[in-house]
Amino acid sequence: MPPPAEAAAIEVRGLRKRFGTTPALDGVDLTVGPGTVCGLLAPNGAGKTTMVRILATLSLPDGGTARVAGHDVVRHPARVRGSIALTGQYAAVDEVISGRDNLEMFARLYRMRGPAVRRRAEELLERFGLTDAGDRPVRTWSGGMRRRLDLAVSLVVPPAVIFLDEPTTGLDPHSRGGLWESVRELVRAGTTVLLTTQYLDEADHLADRIAVLADVNGTGSRVIAEGTPFALKSALGGERVDVTVRDPGHRARVAEILARAGGREPDIGDDPHRVCLAVGAGPVPGTAVLAAALGELDAEGIAVVHLVLRRPTLDEVFLSLTSRPSPDREAV
């Protein structure tokens, strides 16, 4: 179950938003507990950024209520702004000046004065591994360094809640990993994070709970499923046997072998080399299916590139939830 409303860092009830005749949000409900990461997942155009903009007081809702850090976003927007930070999809820092100058500029905008300004800039440069580059113009920095600086700027005054809207878009794996660790440090310090991302492995690694936002009826998006990453993956059907063959001509025969071993029809999918069988809810244990299939494949000389027993991925959960009608919210 979601955390109790009285403890919520973010509490959304019946949130609605339209753009002319186009519905965007239609009765969104969401509760995020303090000091946690909530991953907000949605197909492109399904309203993730619209929802973040409303919560950050950059846009007004057409209906419903939203409270952030205990403050109503419509009635007390200034209080909300004093409690939050927002990092968008692109680094919003001055590339002409140095990283240190960026941090000191924002510290002064937050009304810091004297030695406190330089001290806070030094702390953040060190925390985000930017000290060595701190005095170079930001235009000479890599994309990952700029994103870390953007996050550092958001933390000049530590917020109660931070909105990260696709923060690792365009970053290489090393830079993404560094940003992930920065997010974990924020949460350890007590900050609540609402994370929107197109990278489902990112949500899987970082989020305590995940909410899936989708428009399944053409009336606007709402939360159609919510839970921990583990619970959402378990709800899809437990373990799966994956077989990838070298010759796509063997795929039909592999499907027959898996169906016989598992007692149910496998999923063929779009990959001409791959067959997947959900075994978690089936009559035969996954290890038994795997052993039987391996024996038959070996006996028939079918060249297998990959054979594994695994749990569903968050990508599969997301595709399953957003590609079918879902009139009732699923909470796990």
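All values reported here derive from a predicted model rather than from experimental measurement. (Residues numbered from 1 in each chain as written. Predicted model: local features only at pLDDT ≥ 70, side-chain atom pairs only at ≥ 80, totals over all residues. Heavy atoms only, no water.)

Draft legend 1. Looking closely at the overall build of the protein chain. Across its full length, the protein chain holds eleven helices and 14 strands. If you line up the protein chain on its principal axes, its C-alpha atoms span 75 × 45 × 35 Å. Sorting the 332 residues of the protein chain into buried and exposed places 47% on the buried side. Partitioning the contacts of the protein chain with sequence separation of at least 6, the portion at a separation of at least 24 is 68%. Summed over all atoms, the accessible surface of the protein chain reaches about 15,400 Å², with 53% contributed by carbon and sulfur. (Helix = DSSP H or I, 4+ residues; strand = E, 2+ residues; numbered from the N terminus. Buried < 20%, exposed > 50% of the residue type's maximum accessible area, 1.4 Å probe, protein only. Contact = heavy atoms within 4.5 Å. Areas by Shrake-Rupley, 256 points an atom, 1.4 Å probe, with all protein chains shown as cover.)

Draft legend 2. Summary view of the packing of helix α5 (residues 143-154) against helix α6 (residues 173-188). Contact pair α5 / α6: the axes reach a minimum separation of 9 Å and the direction vectors enclose 15°. The angle between α5 and α6 falls in the class roughly parallel. The two elements α5 and α6 meet at a crossing, and its hand is right-handed. Counting all contacts with α5, which are made through G144, R147, R148 and L151, the residues of α6 involved are S175, L179, S182 and L186. Of the residues assigned to the contact of α5 with α6, the class counts are three nonpolar, three polar and two charged. (Axes fitted to C-alpha atoms, helices over the stretch in contact; angles between N-to-C directions. Parallel < 35°, antiparallel > 145°, perpendicular 65-115°, else oblique. Left-handed = near helix turned anticlockwise from the far one by under 90°. Nonpolar A, V, L, I, M, F, W, Y, C, P; charged D, E, K, R; others polar.)

Draft legend 3. Just the layout of surface pockets, in detail. Space inside the largest pocket adds up to approximately 350 Å³. Taken together, 17 residues line the largest pocket, and the ones lying closest to its centre are R240, D267, R274, E316 and L319. Counting only elements with at least two residues in the lining of the largest pocket, the list comes to β11 (240-245), β12 (274-278) and α11 (314-322). Here the lining of the largest pocket gets four residues from one element, more than from any other, and that element is α11. The class makeup of the residues in the lining of the largest pocket is four nonpolar, four polar and nine charged. Here the second largest pocket is characterised by a volume of approximately 200 Å³. Lining the second largest pocket are I84, A85, L86, T87, G88, A92, F106, L109, Y110, D150, V153 and S154. Only β6 (84-87), α3 (99-109) and α5 provide two or more residues apiece to the lining of the second largest pocket. Looking at the lining of the second largest pocket, the element that brings in the most residues is β6, giving four residues. Considered class by class, the residues forming the lining of the second largest pocket number eight nonpolar, three polar and one charged. (1 Å grid on protein atoms, 1.4 Å probe; cavity = no way out; pocket = protein on both sides within 12 Å on 5 of 7 lines; lining within 4 Å. Points joined across faces, edges and corners; volume = space filled by probe spheres on them.)

Draft legend 4. Local environment of unusual backbone geometry. Even without a glycine there, the phi angle at A69 is positive, about 55°. Residue placement: A69 occurs in the loop between β4 (63-68) and β5 (71-72). Its relative accessible area of 27% is what places A69 among the partly exposed residues. Phi is positive for E166, which is not a glycine, with a value near 50°.

Draft legend 5. Examining the sheet that holds β5 more closely. With respect to topology, four strands assemble into an open sheet ordered β2-β1-β4-β5, the strand pairing being antiparallel. Looking at the sheet topology across the chains shown, the edges are occupied by β2 (22-32) and β5. By the bridge criterion, two bridges tie β4 to β5 in an arrangement that is antiparallel. Each bridged residue has a counterpart across the sheet, and for R67 the counterpart in β5 is D72. Packing of helix α1 (residues 48-55) onto the sheet brings it into contact with β1 (10-19), β2 and β4, and relative to β1 it is tilted by some 120°. (Pairing = 2+ DSSP bridges.)

Draft legend 6. Representation of the packing of helix α9 (residues 251-262) against helix α10 (residues 286-299) in the model. At a minimum axis distance of 9 Å, the contact between α9 and α10 shows a crossing angle of 140°. For the element pair α9 / α10, the angle class is oblique. Judged by the twist between their axes, the crossing of α9 over α10 is right-handed. On α10, the residues that touch R253, V254, I257, L258, R260, A261 and G262 of α9 are V289, A292, A293, E296 and L297.

Draft legend 7. Main features of the environment of R111. Mapping R111 onto the fold places it in the loop between α3 and α4 (115-127). Separated by 71 residues in the primary sequence, R111 and S182 have C-alpha atoms spaced 25 Å apart.

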